[in-house]
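# Observations on the model geometry
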Amino acid sequence: MNIVLIAHDPKKKLMQNFCIAYRGILSKHDIFATETTGRLVEDASGVPVHKFLAGHLGGVEQIATQIESNQMDMVIFLRENIASQPHNNDFHNISTLCDTYNIPLASNLATAELLIKALERGDLDWRVLYKH
């Protein structure tokens, strides 16, 4: 499965800790992330990450294109929940695409843990069939 990881700056440490905790599951899949998040996750967890550009340099748009092409199977987007967040529109765009293309999306740690456990159990295997 292709899993996307995105984290706003205040959530990057949380994303690192999440990936350390679940590296056994994540290492069995292809992980994609924006540049900074990907580098931090890779350094902290040892899980290889395919990195797009930094979010503010177009990485979120690159990921959006992959979602539109039905190339991603799950998105974990840990975001700062402040209306004035300069990249708040990024989350709106990604969440709309995930809704459109039936891609599971987690926007907080609790939902991310539910999705990762579902992935481990095989509950998301339907995505393989949905892609064809």
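Quick caveat, the model's predicted, so the values are computed rather than measured.

### Digging into the sheet that holds strand β1 (residues 2–7)
Here we have 5 strands laid out as an open sheet, ordered β3-β2-β1-β4-β5, and parallel in their pairing. Each edge of the sheet is formed by a strand with only one pairing partner; in this case those strands are β3 (49–51) and β5 (105–106). Taken strand by strand, helix α3 (residues 35–45) contacts β1, β2 (30–33) and β3, and its axis lies near 160° from that of β3.

### A word on the environment of Ala21
Relative to the helices and strands, Ala21 resides in helix α1 (residues 12–21). Residue classification places Ala21 among the exposed positions, given a relative accessible area of 57%. Along the backbone, Ala21 and Glu113 are 92 residues apart, and their C-alpha atoms lie at a distance of 9.9 Å.

### Notes on the packing of aromatic side chains
Throughout the structure, instances matching the rule amount to 3 aromatic pairs. The interplanar angle of 50° and the centroid separation of 5.0 Å between the aromatic rings of Phe18 and Tyr22 together place this pair among those described as tilted. There is no split in this pair, since Phe18 and Tyr22 are both buried. A ring pair is formed by Phe77 and Phe91, whose centres lie 5.3 Å apart and whose planes are at 85°; its orientation type is edge-to-face. Highlighted residues: Phe77 in strand β4 (residues 74–78) and Phe91 in helix α5 (residues 88–100), separated in sequence by 14 residues. Taken individually, Phe77 and Phe91 each receive the classification buried, so the pair is uniform in this respect. Just above the ring of Phe91 sits the side chain of Arg79; from NZ or CZ to the centre is 4.0 Å.

### Some details on the confidence of the model for the chain
In this model, the chain carries a mean pLDDT of 91, and residues with pLDDT of at least 70 account for 92%. Predicted confidence in the chain is weakest over helix α7 (residues 126–130), with a mean pLDDT of 76, and strongest over β2, with 98.

### Regarding the pattern of salt bridges
A complete count under the given rule lists 5 salt bridges for this structure. For the salt bridge of Lys117 with Glu120, the shortest nitrogen-to-oxygen distance reads 3.6 Å. Here Lys117 and its partner Glu120 are both found in helix α6 (residues 109–121), 3 residues apart, which amounts to about one turn of the helix. Take Lys117: its relative accessible area is 36%, and that puts it in the partly exposed class.

Scoring rules and cut-offs
- Residues numbered from 1 in each chain as written.
- Predicted model: local features only at pLDDT ≥ 70, side-chain atom pairs only at ≥ 80, totals over all residues.
- Heavy atoms only, no water.
- Pairing = 2+ DSSP bridges.
- Helix = DSSP H or I, 4+ residues; strand = E, 2+ residues; numbered from the N terminus.
- Contact = heavy atoms within 4.5 Å.
- Axes fitted to C-alpha atoms, helices over the stretch in contact; angles between N-to-C directions.
- Buried < 20%, exposed > 50% of the residue type's maximum accessible area, 1.4 Å probe, protein only.
- Phe/Tyr/Trp six-rings, centres within 6.5 Å; stacked < 30°, edge-to-face > 60°.
- Lys NZ or Arg CZ within 6 Å of the ring centre and 35° of its normal.
- pLDDT = per-residue confidence, 0-100.
- Salt bridge = Lys/Arg side-chain N within 4 Å of Asp/Glu carboxyl O.

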